[in-house]
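Inside the fold
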Amino acid sequence: EDEEGTKFYLQNRLIIPFYSDNNEIYAFQGRMLYDGVGLPKYITYKGSNETKIFNFFNVDSKKRVYAQEGPIDAFFVNNCVATSGTVSVKSREVTLLKVKFKDLVFVFDNDDAGHERATTFLEAGFKVFFWPPEWRQFKDINDAAVRLCLTSDAICDILDHNVVGGERGMLTFKLKSKRKKNL
């Protein structure tokens, strides 16, 4: 598109830069600040062949790393990356995360699609965050953080106490999900 068309497309968006390990911007995401009729909520521009994972080069791989769907959620959690959209178990982004981070927890949105992805990732052997019953009214981590006025440390404590993984985690997840549907 021409410069004017691109400028219009980026208007009224929060621009979130993605930094490389050399502290250079290699991509950015524009998040719509209000409902733009006919425009996507998120757009991501990638200027190089780098991964489309927000904060990928800026977390401590020796600590637990959380992977969320969007950069705004990642702002609220210590040592967190964001996949910048929906990813599958076999996507390039998930493969990169799995190779780089030994203690990785996926935190999906608290909606039907997020619950389906959490189940799929659990079945594939990943650890996931299970939304506790007292948080069922929140759509995602930033919603919970803002409405409850939580610090990053408090959010990480809640995430850590609700991580499930492996066969036992799958059973726990299914039992809690079934209970949640019956409430």
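What counts, and where the lines are drawn
Residues numbered from 1 in each chain as written. Predicted model: local features only at pLDDT ≥ 70, side-chain atom pairs only at ≥ 80, totals over all residues. Heavy atoms only, no water. Patch = residues over 30% accessible without salt bridge, like charges linked within 9 Å, V, L, I, M, F, W, Y side chains within 5 Å. Areas by Shrake-Rupley, 256 points an atom, 1.4 Å probe, with all protein chains shown as cover. Salt bridge = Lys/Arg side-chain N within 4 Å of Asp/Glu carboxyl O. Buried < 20%, exposed > 50% of the residue type's maximum accessible area, 1.4 Å probe, protein only. Helix = DSSP H or I, 4+ residues; strand = E, 2+ residues; numbered from the N terminus. Polar contact = N/O pair within 3.5 Å; in protein donor to acceptor, adjacent residues only side chain to side chain. Contact = heavy atoms within 4.5 Å. Phe/Tyr/Trp six-rings, centres within 6.5 Å; stacked < 30°, edge-to-face > 60°.

Describing a nonpolar patch on the surface
- Taken together, Leu 14, Leu 33, Tyr 34 and Phe 75 make up a surface patch of nonpolar side chains, about 430 Å² in accessible area.
- Classification of Leu 14 as partly exposed rests on a relative accessible area of 36%.

Re the environment of Asn 110
- Looking at the element boundaries, Asn 110 is found in the loop between β6 (104–107) and α4 (112–123).
- Looking at Asn 110, the relative accessible area reads 10%, which means it is buried.
- Considered as a pair, Asn 110 and Ile 141 are 31 residues apart in the sequence and their alpha carbons are 8.5 Å apart.
- Within the structure, Asn 110 has its side chain in polar contact with the backbone oxygen of Arg 136 (distance 3.2 Å).
- Within the structure, the side chain of Asn 110 is placed 2.9 Å from the backbone oxygen of Phe 138, a separation counted as a polar contact.

Concerning the environment of Lys 52
- With respect to the helices, strands and loops of the structure, Lys 52 is situated in the loop between β3 (42–46) and β4 (65–68).
- For the pair Lys 52 and Ser 84, spaced 32 residues apart in sequence, the C-alpha separation works out to 6.8 Å.
- When neighbours within four sequence positions are excluded, Lys 52 is seen to be in contact with Phe 18, Thr 44, Lys 46, Ala 82, Thr 83, Ser 84 and Glu 93.

What about the packing of aromatic side chains?
- Inspection of every chain in the model, using the stated rule, returns 15 aromatic pairs.
- With a centroid separation of 5.4 Å and 45° between ring planes, the pair formed by Phe 121 and Phe 126 is classed as tilted.
- Its relative accessible area of 1% is what places Phe 121 among the buried residues.
- A relative accessible area of 9% places Phe 126 in the buried class.
- On the numbers, 5.8 Å between centres and 90° between planes, the contact of Trp 135 with Phe 138 is edge-to-face.
- Among the residues examined, Phe 138 registers a relative accessible area of 3% and is labelled buried.
- An aromatic cluster is built from Phe 18, Tyr 26, Phe 54, Phe 56, Phe 57, Phe 75 and Phe 101, whose rings are joined through pairwise contacts.

Structural notes on the pattern of salt bridges
- By the definition in use, this model includes 6 salt bridges.
- Residues Glu 69 and Arg 117 are paired through a salt bridge, measuring 2.9 Å at the closest nitrogen-oxygen approach. Residue Glu 69 is found in the loop between β4 and α2 (71–74), and its partner Arg 117 is found in helix α4; the two are separated by 48 residues along the sequence.
- Take Glu 69: its relative accessible area is 13%, and that puts it in the buried class.
- With a shortest N-O distance of 3.3 Å, Asp 143 and Arg 147 are connected by a salt bridge. Here the residue Asp 143 and the residue Arg 147 both occupy positions in helix α5 (residues 141–148), the gap between them amounting to 4 residues, near one helical turn.

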